[in-house]
Amino acid sequence: MSATRLTRALFYSAATLRGATKTQVRSACSGCSSCSSLCGQKGAKRDLSLTAAARQFAAPQMKPQVSGVVSSKLRNDMLEVKFGDGTEGRLPFVWLRDNCQCPQCFSVEALGRKLLMDDLDVEVQPTEVEETMDGLMVKWSDGHQSEYSTNWLQNRSFTPTSRALHRERYALRREPWGAEHTMKNFDYNTLMSDDRVLLDWLLTMERKGSAMVKNAPKKDVAGPELIEHIAFVKQSHYGPHSPVINRPNTNNVAFTNAKLGMHNDLPQYEHMPGIIFIQCVAQHPGAGGESIVTDGLFAAEELRRNHPEDFKILSSTDMYFWDKGHANYSWEMPEFYKIAKFPVIRVNGNNEVMQIAVNNAIRDSHMDLPPQEVKKYYAAYKRFHNILYANAMTFKMEQGDMMTLDNVRCLHGREGYEANSERHIESSYLDWDEARCRRRRLQEKFGCFV
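Here the structure is a predicted model, which means the values were calculated and not measured. (Residues numbered from 1 in each chain as written. Predicted model: local features only at pLDDT ≥ 70, side-chain atom pairs only at ≥ 80, totals over all residues. Heavy atoms only, no water.)

Visitor: Help me understand the overall build of the protein chain, please; the structure alone is not making it clear to me.
Guide: The helix and strand inventory of the protein chain stands at 13 helices and 22 strands. Burial analysis of the protein chain (450 residues in total) assigns 48% to the buried set. Within the protein chain, contacts between residues separated by at least 24 positions form 73% of all contacts whose residues are at least 6 apart in sequence. Total accessible area computed for the protein chain in this model is approximately 22700 Å², and 51% of it derives from carbon and sulfur atoms. (Helix = DSSP H or I, 4+ residues; strand = E, 2+ residues; numbered from the N terminus. Buried < 20%, exposed > 50% of the residue type's maximum accessible area, 1.4 Å probe, protein only. Contact = heavy atoms within 4.5 Å. Areas by Shrake-Rupley, 256 points an atom, 1.4 Å probe, with all protein chains shown as cover.)

Given below as structure tokens:
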């Protein structure tokens, strides 16, 4: 690099530093326990001196400005690049052209692609490539010119590291648990007032799928109010919340005093609720009303490991779930008739378990199977049931407790109780799309995004 270009780079970095030092000091992660594993700054000091902050900021910023992309090579349909820090990436031509960041192809304001598939040539080729201290400049066979920053390219360089990091942005790695599990406790009012604690709860829910919120106010909308603080309530035909009490003329088996088998809520919906908030407004004082909870992910992996044929049956055979009824309250849908159809164990393209759907009460009597395959299905389902219960934990919620569960992973049930009991549970829902959205924004806010 010429002395002139190096001098410009140094001046550019110094100007950037003057404008960013104060922000950097204020936004440095405090090393909160909830995000230390993501940001690697556990125990970091927040009150850095300006000099120390300047050095800390300059170190990572100077290198890309001076080095950027140091070499590139065309090979087959890819551009092989080497970055200034020694890392390498292989960038497919068509992907590079599709993701041009110029104003004609990408909206900085909307953060969305403007280039249409109609205008993308899958066989596009670079005609000229120039490495710069800022990244790459590419001229294309379709006459277009693109520029890409070093950081943008490195974050998307198709390496195992870059792919794994974005996988974690999408969804955190889940940690299965068995009967020895203890739920982490959170305080209701602190969740409503402290975003760092809220982030800790969100991370806990993604990883463990369960947490206990203590000291919830004694009102039926405490769950929806907490959910509204996070994002939006997931409505169902039961409205924004459901009083789980012994109702006359009930429209759901859960709204009785009977023993309730462990289940996931609302599999009669094609898009099941992501997180369920189960609030104990009043508990039955005597024996009965105990909760039983299990991790469906743990049980599914046990089934896969020890009974692979049963796992295959339950993950590849669709089951019907249905719910038909009438309103008990003014906020419920007057009449409803839901049917959904999918496997009890849902896996993605990598054969990873993504959803558990078990609900004995609304599992339909209609089965879309040849009759000779029905008994084999029941045998696999019964084995899964036994594993779920063998690894469950039982406890009794107290007034003010609000159990939060990953509803597409964890199952919950209850013991029966006396018909005239004042036991009162409230349930409400939050979608995972909204929960992960809030988690990512809070990670950005506290500077601990991967």
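Visitor: When you look at the sheet that holds strand E12 (residues 260-263) in this model, what are you seeing that I'm missing?
Guide: For sheets, the rule is that strands pair by backbone hydrogen bonds, running either parallel or antiparallel. The antiparallel open sheet is built from four strands, whose spatial order is E12-E21-E14-E19. Two strands in the sheet have a free side with no partner beyond their single neighbour: E12 and strand E19 (393-395). Put simply, the sheet's adjacent strands are angled 15° from each other on average, direction ignored. Relative to strand E21 (residues 410-414), E12 is paired through two bridges, and the arrangement is antiparallel. Within the sheet, the bridge partner assigned to Leu260 lies in E21 and is Arg414. (Pairing = 2+ DSSP bridges. Axes fitted to C-alpha atoms, helices over the stretch in contact; angles between N-to-C directions.)

Visitor: So what exactly am I meant to see when it comes to the pattern of salt bridges here?
Guide: It is possible for side chains bearing opposite charge to pair when their charged atoms get close. Applying the stated criterion across every chain, the model contains 21 salt bridges. Of the charged contacts in the structure, one is a salt bridge between Asp98 and Arg113, with a shortest N-O distance of 3.3 Å. Here Asp98 is found in helix H4 (residues 93-98), whereas its partner Arg113 is found in strand E5 (residues 112-113), with 15 residues between them in sequence. By sharing partners, the salt bridges in this structure join Arg75, Glu80 and Arg90 into a single network. (Salt bridge = Lys/Arg side-chain N within 4 Å of Asp/Glu carboxyl O.)

Visitor: Quick question: what am I supposed to make of the nonpolar core here?
Guide: One recurring pattern in soluble globular proteins is that nonpolar side chains are buried together. Among the nonpolar cores identified, the biggest contains 58 residues, and Trp201, Ile230, Phe277, Ile345, Phe384 and Leu430 are the most heavily contacted of them. Among residues more than four places away in sequence, those in contact with Trp201 are Phe186, Leu191, Ala211, Val213, Ile230, Ile275, Phe277, Thr404 and Leu430. Membership of the second largest hydrophobic core comes to 22 residues, among which are Leu260, Phe336, Cys410 and Tyr429. (Core = buried A, V, L, I, M, F, W, Y, C linked by side-chain atoms within 4.5 Å.)

Visitor: Could you clarify how one ought to interpret a negative patch on the surface in this entry?
Guide: Negative charge collects at one region of the surface, where Glu130, Glu131, Asp134 and Glu147 lie side by side. Its location among the elements puts Glu131 in strand E6 (residues 126-131). Here Glu131 falls in the partly exposed class, since its relative accessible area comes to 30%. (Patch = residues over 30% accessible without salt bridge, like charges linked within 9 Å, V, L, I, M, F, W, Y side chains within 5 Å. Lys, Arg positive; Asp, Glu negative; His and termini not counted. Charge placed at Lys NZ, Arg CZ, Asp CG, Glu CD.)

Visitor: Could you clarify how one ought to interpret the environment of Leu96 in this entry?
Guide: Its location among the elements puts Leu96 in helix H4. A C-alpha to C-alpha distance of 9.8 Å links Leu96 and Glu147, two positions 51 residues apart in sequence. Not counting residues up to four positions away in its chain, the partners in contact with Leu96 are Leu79, Leu91, Trp140, Tyr148 and Leu153.

Visitor: Any chance you could explain unusual backbone geometry here in plain terms?
Guide: With the exception of glycine, the majority of residues adopt a negative phi angle, and the majority of peptide bonds are in the trans configuration. Backbone geometry at Phe158 places phi at a positive 65°, although glycine is not the residue there. A residue is classified by how much of its surface remains accessible, and Phe158, at 40% relative accessible area, is partly exposed.

Visitor: What's the story with the packing of aromatic side chains in this structure? I'm lost.
Guide: Both the distance between ring centres and the angle between the ring planes are used here to describe each pair of aromatic rings. For the structure on display, the rule yields ten aromatic pairs. Their ring planes at 65° and their centres at 5.6 Å tell us that Tyr238 and Phe336 sit as a pair that is edge-to-face. Here Tyr238 is found in the loop between helix H9 (222-230) and strand E11 (242-244), whereas its partner Phe336 is found in strand E16 (residues 335-342), with 98 residues between them in sequence. Phe336 matches Tyr238 in its accessibility class, with the two residues each being buried. Where Tyr377 meets Tyr381, the ring centres are 6.2 Å apart and the plane angle is 20°; that geometry is what we call stacked. Taken together, the positions of Tyr377 and Tyr381, both in helix H12 (residues 374-390) and four residues apart, correspond to about one turn of that helix. With relative accessibility at 4%, the residue Tyr377 sits in the buried group. A relative accessible area of 11% means that Tyr381 is categorised as buried. Pairwise contacts between aromatic rings join Trp95, Tyr148, Trp152 and Phe158 into one cluster. Here the basic side chain of Arg247 rests over the ring of Phe255, its NZ or CZ set 3.6 Å away from the ring centre. Above the face of the Tyr337 ring, Lys324 is positioned so that its terminal group lies 4.8 Å from the ring centre. (Phe/Tyr/Trp six-rings, centres within 6.5 Å; stacked < 30°, edge-to-face > 60°. Lys NZ or Arg CZ within 6 Å of the ring centre and 35° of its normal.)

Visitor: Even after reading the chapter, I still don't get the side chain of Ser421, so can you show me in this structure?
Guide: Assignment of secondary structure puts Ser421 in the loop between E21 and strand E22 (424-430). By relative accessible area, which is 15% here, Ser421 ends up buried. Side chain to side chain, Ser421 and His284 meet in a polar contact 2.8 Å long. (Polar contact = N/O pair within 3.5 Å; in protein donor to acceptor, adjacent residues only side chain to side chain.)

Visitor: Help me understand the side chain of Ser162, please; the structure alone is not making it clear to me.
Guide: Note that Ser162 resides in helix H6 (residues 160-170). Look at Ser162 and you get buried, because its relative accessible area is 8%. Here Phe158 takes part through its backbone nitrogen, which lies 3.4 Å from a polar atom of the side chain of Ser162. Excluding residues that lie within four positions of it along the chain, Ser162 makes contacts with Gln154, Asn155, Arg156 and Ser157.

Visitor: Even after reading the chapter, I still don't get the sheet that holds E6, so can you show me in this structure?
Guide: Spatially, three strands are ordered E6-E7-E8 in an open sheet, and the strand pairing comes out antiparallel. Both outer strands of the open sheet, E6 and strand E8 (145-149), are each paired with one neighbouring strand and no more. Ignoring strand direction, the axes of neighbouring strands in this sheet form an average angle of 15°. In this sheet, E8 lies alongside strand E7 (residues 135-140) in antiparallel orientation, the contact comprising five bridges. Counted as the bridge partner of Val138 is Ser146 from E8.

Visitor: Explain the pairing of strand E3 (residues 88-92) here, please?
Guide: Remark: a regular strand shows side chains that alternate across the two faces of the sheet. Relative to E3, strand E2 (residues 78-83) runs antiparallel, the two sharing five bridges. Its bridge partner being in E3, Met78 is matched across the sheet by Pro92. Between E2 and E3, which pair antiparallel in sequence order, lie four residues; one of them, Gly86, sits at a positive phi of approximately 95°.

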